[in-house]
Amino acid sequence: MNELLKAQGLTVRFGGLTAVSDVSFSLRQGEIVGLIGPNGAGKTTLFSSLVGLQRLSAGEIHLEGKPLHGRRPHVVARAGVTKTFQNTALFPGMTLLDNVMTAALLNNTVASAQELAHDCLERVGMAQAAQLVVDDLTFPQKALGEVARALATRPRILLLDEVMAALTPLEMDRVMDTLRELRDRTGLTMVVVEHHMRAIMNLSERILVLNFGKLIADGSPQQVSRNEKVIQAYLGSEHAQPA
Ligand SMILES: Nc1ncnc2c1ncn2[C@@H]1O[C@H](COP(=O)(O)OP(=O)(O)OP(=O)(O)O)[C@@H](O)[C@H]1O
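In this text the structure is predicted, and so the values were computed from the model without any measurement.

Engineer: Where do I start with empty space enclosed by the protein in this structure?
Structural biologist: The gaps of empty space that remain are located by a probe, the size of a water molecule, rolled over the atoms. Inspection of the entire model under this criterion finds 1 cavity of 30 Å³ or more. In this structure, the largest cavity encloses a volume near 40 Å³. Around the largest cavity sit Phe25, Leu27, Val33, Leu35, Leu46, Phe47, Leu50, Val191 and Leu208, which together line it. Contributions of two or more residues to the lining of the largest cavity are made by β2 (17-28), β3 (32-36) and α1 (43-50). Broken down by element, the lining of the largest cavity gets its largest block of residues, 3 residues, from α1. Here the residues of the lining of the largest cavity are counted per class, giving 9 nonpolar, no polar and no charged.

Engineer: Would you take a moment to explain the sheet that holds strand β1 (residues 3-14) for this structure?
Structural biologist: Hydrogen bonds between backbone atoms are what pair the strands of a sheet, whose relative direction is either parallel or antiparallel. Strands sit in the order β2-β1-β4-β5 across an open sheet of 4 strands; the sheet is antiparallel. Each having just a single partner strand, β2 and β5 (66-67) make up the two edges of the open sheet. Where α1 meets the sheet, its contacts fall on β1, β2 and β4 (58-63), and the angle it forms with β1 comes to roughly 120°.

Engineer: Explanation requested: helix α4 (residues 110-123) in the structure shown.
Structural biologist: Side chains three or four residues apart in an α-helix point the same way, a direct result of the helix having 3.6 residues per turn. Look at α4: 20 Å from first C-alpha to last across 14 residues, which is about the 20 Å you get at 1.5 Å a residue. Burial in α4 covers these residues: Ala113, Leu116, Ala117, Cys120, Leu121 and Arg123. Seen along its axis, α4 keeps its buried residues to an arc of 155°; they face one direction. Of the residues in α4, the exposed ones pointing more than 90 degrees away from the buried face are Ala111, Glu115 and Glu122.

Engineer: What should I look at first to understand the sheet that holds strand β10 (residues 214-219) in this one?
Structural biologist: Taken together, 6 strands build an open sheet; the order of strands is β6-β7-β8-β3-β9-β10 and the sheet is mixed. In the strand order of this sheet, the two ends are held by β6 (81-83) and β10, each with one partner. In this sheet, adjacent strand axes meet at a mean angle of 20° when their direction is disregarded. Taken together, the 5 bridges between strand β9 (residues 206-211) and β10 define a ladder with antiparallel strand orientation. Residue pairing for β10: Ile207 is matched across the bridge by Gly219. Running at roughly 150° to strand β7 (residues 157-161), α1 makes contact with β3, β6, β7, β8 (189-193) and β9 of the sheet.

Engineer: Help me understand the pattern of salt bridges in this model?
Structural biologist: Close approach of charged atoms lets side chains of opposite charge pair. Taken as a whole and judged by the stated rule, the model has 9 salt bridges. We note a salt bridge from Arg28 to Glu31, for which the minimum N-O separation is 3.1 Å. By relative accessible area, Arg28 is classed as partly exposed at 31%. Salt bridges here are not isolated pairs; linked through shared partners, they connect Arg28, Glu31, Arg206 and Asp218.

Engineer: What is the right way to read the side chain of Ser26 from this model?
Structural biologist: By the secondary structure assignment, Ser26 is in strand β2. Classification of Ser26 by relative accessible area gives buried; the value is 18%. Looking at Ser26, its side chain comes within polar contact range of the side chain of Glu3, at 3.5 Å. Beyond its immediate chain neighbours, meaning those up to four positions away, Ser26 contacts Glu3, Leu5, Lys6, Glu31 and Arg206.

Calculation notes
Residues numbered from 1 in each chain as written. Predicted model: local features only at pLDDT ≥ 70, side-chain atom pairs only at ≥ 80, totals over all residues. Heavy atoms only, no water. 1 Å grid on protein atoms, 1.4 Å probe; cavity = no way out; pocket = protein on both sides within 12 Å on 5 of 7 lines; lining within 4 Å. Points joined across faces, edges and corners; volume = space filled by probe spheres on them. Helix = DSSP H or I, 4+ residues; strand = E, 2+ residues; numbered from the N terminus. Nonpolar A, V, L, I, M, F, W, Y, C, P; charged D, E, K, R; others polar. Pairing = 2+ DSSP bridges. Contact = heavy atoms within 4.5 Å. Axes fitted to C-alpha atoms, helices over the stretch in contact; angles between N-to-C directions. Expected span 1.5 Å × (residues − 1). Buried < 20%, exposed > 50% of the residue type's maximum accessible area, 1.4 Å probe, protein only. Arc of directions from axis to C-beta. Salt bridge = Lys/Arg side-chain N within 4 Å of Asp/Glu carboxyl O. Polar contact = N/O pair within 3.5 Å; in protein donor to acceptor, adjacent residues only side chain to side chain.

See below:
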């Protein structure tokens with residue numbers, strides 16, 4: 001797999017607090033990568049810095065060799081890096097289709113946005129729910145709706161920030177199957193933040209672990225779950241091993 005994105009020395013400081021500290025990693029085309037770490041480890045801040053919503057104090061981001069650091073969010077989105085929002089639901093009172101249209105309209109005429117929105121819903125198996133008002137959707141449907149809305153910006157790299165938080169284990173399995181199928185069909189690269197350990201270990205091919213803003217591990221789920229630093233920092237001996 002080709003290297004798609006390279007992040008080097010990413011650092012974000014809030015006054016005296018270093019939320020992200022000298023973090024370097026790369027993403028290959030079509031990978032599903034998990035990003036884990038205890039509360040406050042810097043996961044959301046790292047995501048925000050990757051999409052240009054959070055200014056970097058230091059570091060560089062390149063997408064296929066082209067610099068992305070210091071670029072405004074809409075420029076980063078147009079280049080192909082998009083993030084869902086933690087705890088940000090779809091817009092209530094609107095149909096699912098209209099929700100996806102809000103993103104599709106950013107770079108398209110109404111007619112082509114409609115086609116794109118339908119296509120994005122189709123890609124996550126939600127075409128039949130297009131005309132439902134989002135308030136009436138189940139939690140897994142809402143999660144997939146959020147993914148569809150993000151797909152409407154035509155990302156090459158999609159950062160998913162706890163989209164499965166409200167789901168039961170069975171519902172998570174269904175959503176994870178859909179994400180894997182989406183990757184297999186489209187080659188989309190995904191980075192996934194989830195607190196649910198079994199889900200992240202099952203879904204991801206590689207795991208990045210943050211602790212106090214520092215990247216303390218980067219490896220397969222098996223490697224990471226056996227890593228002493230990770231066990232001490234986060235997993236604890238009683239936590240789930242990758243299934
Ligand atoms: N805008 C901000 N101003 C000041 N401090 C911030 C800001 N955003 C985040 N922080 C701090 O930066 C650190 C990292 O926060 P962040 O939300 O990125 O962690 P996280 O790993 O996503 O946590 P969680 O798992 O709880 O969502 C925390 O100490 C947080 O309080």
